[in-house]
Amino acid sequence: MKTCNVIALLLVIIGGLNWLLVGIFEWDLVAELFGGMDSTLSKIVYIIIGLAAIYSLTFFNKINQK
């Protein structure tokens, strides 16, 4: 389970950094790397990062248990 948590956290960080680049420079790194925002591969990456963010919501329960 720890591996899933680390992967989810890493993906959420990547997503956050991508949004930082979009906000500051209007440059989407994911789209640049995977063929534009409308490419299938980019959409898959966006979906995986979004699922990681949803999974990361479970971290709140772990924080409250301590």
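In this text the structure is predicted, and so the values were computed from the model without any measurement.

### Some thoughts on the packing of aromatic side chains
The geometry of an aromatic ring pair is captured by the separation of the ring centres together with the interplanar angle, meaning the angle of the planes. The tally for this structure, following the rule as stated, stands at one aromatic pair. Note on Y55 and F59: the rings are 6.1 Å apart at their centroids and 80 degrees apart in plane angle, and the pair reads as edge-to-face. The exposure class assigned to Y55 is partly exposed, which follows from its relative accessible area of 25%.

### Things to note about the environment of W27
Note that W27 resides in the loop between α1 (2-25) and α2 (29-34). For W27, a relative accessible area of 36% puts it in the partly exposed group. Considering only alpha carbons, one finds W27 and I63, 36 residues apart in sequence, at a separation of 34 Å. Residues contacting W27, with those up to four places away along its chain left out, are N18, L21, V22 and E32. Side chain to side chain, W27 and E32 meet in a polar contact 3.4 Å long.

Rules of the game
- Residues numbered from 1 in each chain as written.
- Predicted model: local features only at pLDDT ≥ 70, side-chain atom pairs only at ≥ 80, totals over all residues.
- Heavy atoms only, no water.
- Phe/Tyr/Trp six-rings, centres within 6.5 Å; stacked < 30°, edge-to-face > 60°.
- Buried < 20%, exposed > 50% of the residue type's maximum accessible area, 1.4 Å probe, protein only.
- Helix = DSSP H or I, 4+ residues; strand = E, 2+ residues; numbered from the N terminus.
- Contact = heavy atoms within 4.5 Å.
- Polar contact = N/O pair within 3.5 Å; in protein donor to acceptor, adjacent residues only side chain to side chain.

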